[in-house]
Amino acid sequence: MAQLAHPTTYLNTDGRAHPVENRFASVAFVLGLLAVVTAAFPGLHLVSSWAGLAGIAAGAWAQLISATTGQRFLAVLGLGAAALGFYLGVAHGGPFGGWLG
């Protein structure tokens, strides 16, 4: 029976543990996924806008502090998905939902 590797081994390809960098890359990916999924529903534009904005910030920081290629790959996927979700959320009503006019 084949053994599955722990998911963080793909992020720590240099053999050292990078828990902070891994968490930022993972958070950026999860927020990007949330932003893209909720952007498909125009009524959830508040969620997609704020999740996208937070994902962009987390992805940018993850890119800045990343140490391995796996971390950069996950951060770029999350950053792109968060940006797409943010832009679609803004197009559907924005992060404030008409409160500002």
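Residues numbered from 1 in each chain as written. Predicted model: local features only at pLDDT ≥ 70, side-chain atom pairs only at ≥ 80, totals over all residues. Heavy atoms only, no water.

Draft legend 1. Spotlight on the nonpolar core. By size, the foremost hydrophobic cluster in this structure holds five residues: Leu11, Ala25, Ala62, Leu74 and Ala75. What Ala25 contacts, discounting residues up to four positions off in sequence, is Ala62, Gln71, Leu74 and Ala75. (Core = buried A, V, L, I, M, F, W, Y, C linked by side-chain atoms within 4.5 Å. Buried < 20%, exposed > 50% of the residue type's maximum accessible area, 1.4 Å probe, protein only. Contact = heavy atoms within 4.5 Å.)

Draft legend 2. Inspection of helix α3 (residues 45–65) at higher detail. Its 21 residues give α3 an end-to-end C-alpha distance of 30 Å, which sits within 8% of 30 Å, the value for a rise of 1.5 Å per residue. All of the buried residues along α3 are His45, Ser48, Ser49, Ala51, Gly52, Gly55, Ala58, Gly59 and Ala62. Tucked inside the fold, the buried residues of α3 contact α2 (19–39) and α4 (69–92). (Helix = DSSP H or I, 4+ residues; strand = E, 2+ residues; numbered from the N terminus. Expected span 1.5 Å × (residues − 1).)

Draft legend 3. Seen up close, the packing of aromatic side chains. Inspection of the entire model under this criterion finds two aromatic pairs. Between the aromatic rings of Trp50 and Phe96, the centroid separation amounts to 5.6 Å while the plane-to-plane angle is 85 degrees, which identifies the pairing as edge-to-face. One end of the pair, Trp50, is in helix α3; the other, Phe96, is in the segment after α4, and 46 residues separate them in sequence. The partly exposed category is assigned to Trp50, whose relative accessible area is 43%. (Phe/Tyr/Trp six-rings, centres within 6.5 Å; stacked < 30°, edge-to-face > 60°.)

Draft legend 4. Representation of the side chain of Glu21. In this fold, Glu21 is placed in helix α2. Summary of buried charges: Glu21 has no salt-bridge partner, and the nearest side chain of opposite charge, Arg16, is 7.5 Å away. Apart from residues lying up to four places away in sequence, Glu21 is in contact with Ile65, Ser66 and Gln71. (Lys, Arg positive; Asp, Glu negative; His and termini not counted. Salt bridge = Lys/Arg side-chain N within 4 Å of Asp/Glu carboxyl O.)

Draft legend 5. Representation of the side chain of Thr38 within the structure. Examined against the element boundaries, Thr38 turns out to sit in helix α2. A polar atom in the side chain of Thr38 sits 3.3 Å from the backbone oxygen of Ala35. Those residues within four positions of Thr38 in sequence are excluded, and the remaining contacts are Leu44, Val47 and Ser48. (Polar contact = N/O pair within 3.5 Å; in protein donor to acceptor, adjacent residues only side chain to side chain.)

Draft legend 6. Examining the packing of α2 against α3 more closely. Here α2 crosses α3 at 155 degrees, and the two axes come no closer than 8 Å. By the angle between their axes, α2 is roughly antiparallel relative to α3. As for the relative orientation of α2 and α3, their crossing is left-handed in sense. Contacts between α2 and α3 involve Val20, Glu21, Phe24, Ala25, Val27, Ala28, Leu31, Leu34, Ala35, Thr38 and Ala39 from the former and Val47, Ser48, Ala51, Gly52, Ala54, Gly55, Ala58, Gly59, Trp61, Ala62 and Ile65 from the latter. (Axes fitted to C-alpha atoms, helices over the stretch in contact; angles between N-to-C directions. Parallel < 35°, antiparallel > 145°, perpendicular 65-115°, else oblique. Left-handed = near helix turned anticlockwise from the far one by under 90°.)

These figures come from the coordinates and say nothing about function on their own.
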